[in-house]
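# Coordinate analysis (summary)
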Amino acid sequence: MGALKPWHIAVLVVVLILLFGAKRLPDAARSLGRSLRIIKAETKSLHDDDRDLAEKADAQSGYQPLPPQQQFAQPQQQPVAPPVDPVQRVREN
């Protein structure tokens, strides 16, 4: 039932010639071929990009996290005198 018989192809060719004309069919076939080549190239590049990402992910999965750093004692800061208002300083002198 789903088999394509030779007379199916002949009817399809006749319909295409009637719709588009004999002059436009070669151009249409050429542009269809170019479009299919572009689609094939794009899908191949997407597949290659996915493969590259997978390789990078595998390479990064081998990394081990660094051990936690030891906390060093903070040096004690000397007490800082509160800021003095310059106007107050002049009045005191």
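Residues numbered from 1 in each chain as written. Predicted model: local features only at pLDDT ≥ 70, side-chain atom pairs only at ≥ 80, totals over all residues. Heavy atoms only, no water.

### Here's the deal with the overall build of the protein chain
- In terms of regular secondary structure, the protein chain is built from three helices and zero strands.
- Secondary structure elements of the protein chain occur, N-terminal to C-terminal, as α-α-α.
- Evaluated residue by residue, the protein chain yields a buried proportion of 0% over its 93 residues.
- Counting every atom, the protein chain has about 9800 Å² of accessible surface; 62% of that belongs to carbon and sulfur. (Helix = DSSP H or I, 4+ residues; strand = E, 2+ residues; numbered from the N terminus. Buried < 20%, exposed > 50% of the residue type's maximum accessible area, 1.4 Å probe, protein only. Areas by Shrake-Rupley, 256 points an atom, 1.4 Å probe, with all protein chains shown as cover.)

### Things to note about helix H1 (residues 6-20)
- The terminal C-alpha atoms of H1, which comprises 15 residues, lie 21 Å apart, in line with the 21 Å expected from a rise of 1.5 Å per residue.
- Of the residues flanking the end of H1, it is Gly-21, one or two places downstream, whose phi is positive at about 90 degrees. (Expected span 1.5 Å × (residues − 1).)

### Some thoughts on the pattern of salt bridges
- What the rule picks out here adds up to two salt bridges.
- A salt bridge links Arg-30 to Asp-27; the shortest N-O distance between them is 2.8 Å. With Arg-30 and Asp-27 both in helix H2 (residues 25-61) and three residues apart, this pair spans about one turn of that helix.
- A relative accessible area of 43% means that Arg-30 is categorised as partly exposed.
- With its nearest N and O atoms 3.9 Å apart, the salt bridge here joins Asp-48 to Arg-51. Placement of the pair is Asp-48 and Arg-51 together in helix H2, with a separation of three residues, close to one helical turn. (Salt bridge = Lys/Arg side-chain N within 4 Å of Asp/Glu carboxyl O.)

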